[in-house]
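The lines below spell out each chain.
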Amino acid sequence: MHGSLISTGLHKLGKRLIYTSAEFLLLLIGQELLMRRRIEQHMHKTATQEVQVRMNEFLSVASHELKTPLTTIKGNIQLLKRRFKHVTTMAQYPTGKDVEQFIDESCNLLERTDQQVTRLTRLVNTLLESTRIHGNTMDLLFELCDLNTLLREVLQERRTIPETRTIQSIQSETDEILVMADSSRVKHVILHYLVNAHKYSPLDQPIIINVSQKGRLAYVEVRDAGPGIPPEEHQHIWERFYRSKKVKVQNGSEIGLGLGLYVCRIVIEQHHGQVGVQSLPGNGSTFWFTLPIQETGFVEFS
Ligand code: ADP
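Draft legend 1. Quick look at the overall build of the protein. Of regular secondary structure, the protein possesses 5 helices and 7 strands. Secondary structure elements in the protein, listed N-terminal to C-terminal, are α-α-β-α-β-β-α-β-β-α-β-β. The C-alpha radius of gyration computed for the protein amounts to 31 Å, which surpasses the reference 19 Å derived for 302 residues by more than 25%, pointing to a less compact arrangement than a globule. Projecting the C-alpha coordinates of the protein onto the three principal axes gives extents of approximately 135 × 55 × 40 Å. A buried classification covers 38% of the 302 residues belonging to the protein. Taking the contacts inside the protein whose residues are at least 6 apart along the sequence as the reference set, 75% of them involve residues at least 24 apart. Counting only carbon and sulfur atoms, one obtains 58% of the accessible surface of the protein, whose full area is about 19,300 Å².

Draft legend 2. Molecular detail of the site of the ligand. His192, Asn196, Tyr200, Asp224 and Leu261 are the nearest of the 21 residues found near the ligand. At a separation of 2.9 Å, a nitrogen atom of the ligand approaches a polar side-chain atom of Asp224. Burial of the ligand by the surrounding chains reaches 98%, relative to a free accessible area of 530 Å².

Draft legend 3. View of the packing of helix α4 (residues 183-199) against helix α5 (residues 260-270). α5 packs onto α4 with a crossing angle of 145 degrees between their chain directions and a minimal axis gap of 10 Å. Pair α4 / α5 crosses with left-handed handedness. Between α4 and α5, the residues in contact are Arg185, His188, Val189, His192, Tyr193 and Asn196 and Gly260, Leu261, Val263, Cys264, Val267 and Ile268, respectively. Per-class residue counts for the contact of α4 with α5 are 7 nonpolar, 4 polar and 1 charged.

Draft legend 4. Local environment of the sheet that holds strand β2 (residues 167-170). The 5 strands lie next to each other as β2-β4-β5-β7-β6, forming an open sheet whose pairing is mixed. Looking at the sheet topology across the chains shown, the edges are occupied by β2 and β6 (275-279). In this sheet, adjacent strand axes meet at a mean angle of 15 degrees when their direction is disregarded. The strands that helix α3 (residues 147-156) touches are β2, β4 (207-214), β5 (217-224) and β7 (285-292); relative to β4, the one it contacts most, it runs at about 165 degrees. On the sheet, α4 packs against β2, β4, β5, β6 and β7 and is oriented at approximately 170 degrees with respect to β7.

Draft legend 5. Quick peek at the pattern of salt bridges. This structure, assessed with the given rule, holds 11 salt bridges. Here Glu105 and Arg83 are joined by a salt bridge, their closest N and O atoms 2.9 Å apart. Of the two residues, Glu105 is situated in helix α2 (residues 96-131) and Arg83 in helix α1 (residues 2-89); the sequence distance between them amounts to 22 residues. The network of salt bridges with common partners includes Glu129, Arg132, Asp182 and Arg185.

Draft legend 6. Geometry of the pairing of β5. One ladder, built from 7 bridges, connects β4 with β5; its direction is antiparallel. Each bridged residue has a counterpart across the sheet, and for Gln213 the counterpart in β5 is Ala218. Turn length for the β4-β5 hairpin, with the two strands adjacent in sequence and antiparallel, is 2 residues, and the turn residue Gly215 shows positive phi of about 60 degrees.

Draft legend 7. Focus on the side chain of Arg158. Checked against the element boundaries, Arg158 lands in the loop between α3 and β2. Buried charge without a salt bridge: Arg158, with Glu163 as the nearest opposite-charge side chain at an N-O distance of 4.4 Å. A distance of 2.6 Å separates a polar atom in the side chain of Arg158 from the backbone oxygen of Pro162. Of the polar contacts made by the side chain of Arg158, one reaches the backbone oxygen of Arg165; its length is 3.1 Å. Contact partners of Arg158, with chain neighbours within four places excluded, come to Glu163, Arg165 and Ile167.

Draft legend 8. Quick look at the nonpolar core. Core analysis: the largest hydrophobic core is formed by 51 residues, its most contacted members being Leu147, Ile190, Tyr193, Leu194 and Phe289. Setting aside its immediate chain neighbours within four residues, Phe289 contacts Val186, Val189, Ile190, Tyr193, Ala218, Tyr219, Val220, Ile268, Gln274 and Val275.

Draft legend 9. Structural context of the environment of Arg132. As for its position among the elements, Arg132 is in the loop between α2 and β1 (143-146). Look at Arg132 and you get partly exposed, because its relative accessible area is 39%. Sequence spacing of Arg132 and Val263 is 131 residues, and the spatial spacing of their C-alpha atoms is 9.5 Å. With residues near it in sequence (within four places) discarded, Arg132 still touches Thr137, Met138 and Arg185. Polar contacts involving the side chain of Arg132 include one to the side chain of Glu129, which spans 2.9 Å.

Draft legend 10. Representation of the packing of aromatic side chains in the model. Considering all chains together, one arrives at 7 aromatic pairs under this definition. Ring pairing ties together the aromatic residues Tyr193, Trp238, Phe287 and Phe289, which thus form one cluster. Positioned over the ring face of Tyr219 is Lys214, at 4.2 Å from the centre of the ring.

Conventions we followed
Residues numbered from 1 in each chain as written. Predicted model: local features only at pLDDT ≥ 70, side-chain atom pairs only at ≥ 80, totals over all residues. Heavy atoms only, no water. Helix = DSSP H or I, 4+ residues; strand = E, 2+ residues; numbered from the N terminus. Rg over C-alpha atoms; globule rule 2.2 N^0.38 Å. Buried < 20%, exposed > 50% of the residue type's maximum accessible area, 1.4 Å probe, protein only. Contact = heavy atoms within 4.5 Å. Areas by Shrake-Rupley, 256 points an atom, 1.4 Å probe, with all protein chains shown as cover. Near = heavy atom within 4 Å. Polar contact = N/O pair within 3.5 Å; in protein donor to acceptor, adjacent residues only side chain to side chain. Axes fitted to C-alpha atoms, helices over the stretch in contact; angles between N-to-C directions. Left-handed = near helix turned anticlockwise from the far one by under 90°. Nonpolar A, V, L, I, M, F, W, Y, C, P; charged D, E, K, R; others polar. Pairing = 2+ DSSP bridges. Salt bridge = Lys/Arg side-chain N within 4 Å of Asp/Glu carboxyl O. Lys, Arg positive; Asp, Glu negative; His and termini not counted. Core = buried A, V, L, I, M, F, W, Y, C linked by side-chain atoms within 4.5 Å. Phe/Tyr/Trp six-rings, centres within 6.5 Å; stacked < 30°, edge-to-face > 60°. Lys NZ or Arg CZ within 6 Å of the ring centre and 35° of its normal.

Right, here's the structure in full:
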């Protein structure tokens, strides 16, 4: 009798214990889920805020960068207009030395205006390129091309980099490095690396560009003797709108939109290649990218 009472009691207690444990477990799971949701919401909020801050910074830099060349262009045109008006209203047309000086000064003004137009075009092109990216992809036109030829073409068209800057080009020993690529976009990547190397390193230091073939990969490296980039920023510089606050522009007045390297990364990744940087503060930077070599036959790209 006593035995059966004790066993019923124990059974009830066991059941109660199981229920309580289950309730406790459910409570714990509920709390854990709630905590996770809160962390996720917090992370999402922080990420959104970060994007918002970068976006605001970008808008302010972009408007400034677009306005500066426009102001100079407008000023130069007004100056030229005034000069021409002055000459045409003069009682006597200037002769000899005066004409020479007039032409020289006007050419100078036109040259400076042209540089500002180039700067504006570059900015608008970068903006346009970035808007063509949808979900980390952009439309590309693949064709068989030789990287050595692309590099030569970039160096011939280096309008934004002054002649006073030495660019040493080390081309591969092989005559041709064949890749399946959108030539204009790959040229844009090479030029962007060169323009950055020029922008962020002292003018009296050479920029070295190296094209080589390692196994089934083509390598393009652009080395500068600039201040270098802190390791913690190596990953971020490829993100949209990211600009390092620790690296100062050394040449040219163009600040930049923090879009260039982002576009470069998307272009190269879509070619099934990789981008990267090797750099330490005080030791310059080497920006590189790879592309798969097109051996023989025809390869289809997605
Ligand atoms: P930006 O137009 O601002 O130069 P990029 O996307 O080209 O934008 O570069 C992102 C950031 O990476 C730059 O703002 C700069 O801080 C850093 N960077 C790029 N190239 C170099 C370089 N050669 N040396 C040092 N810093 C660089």
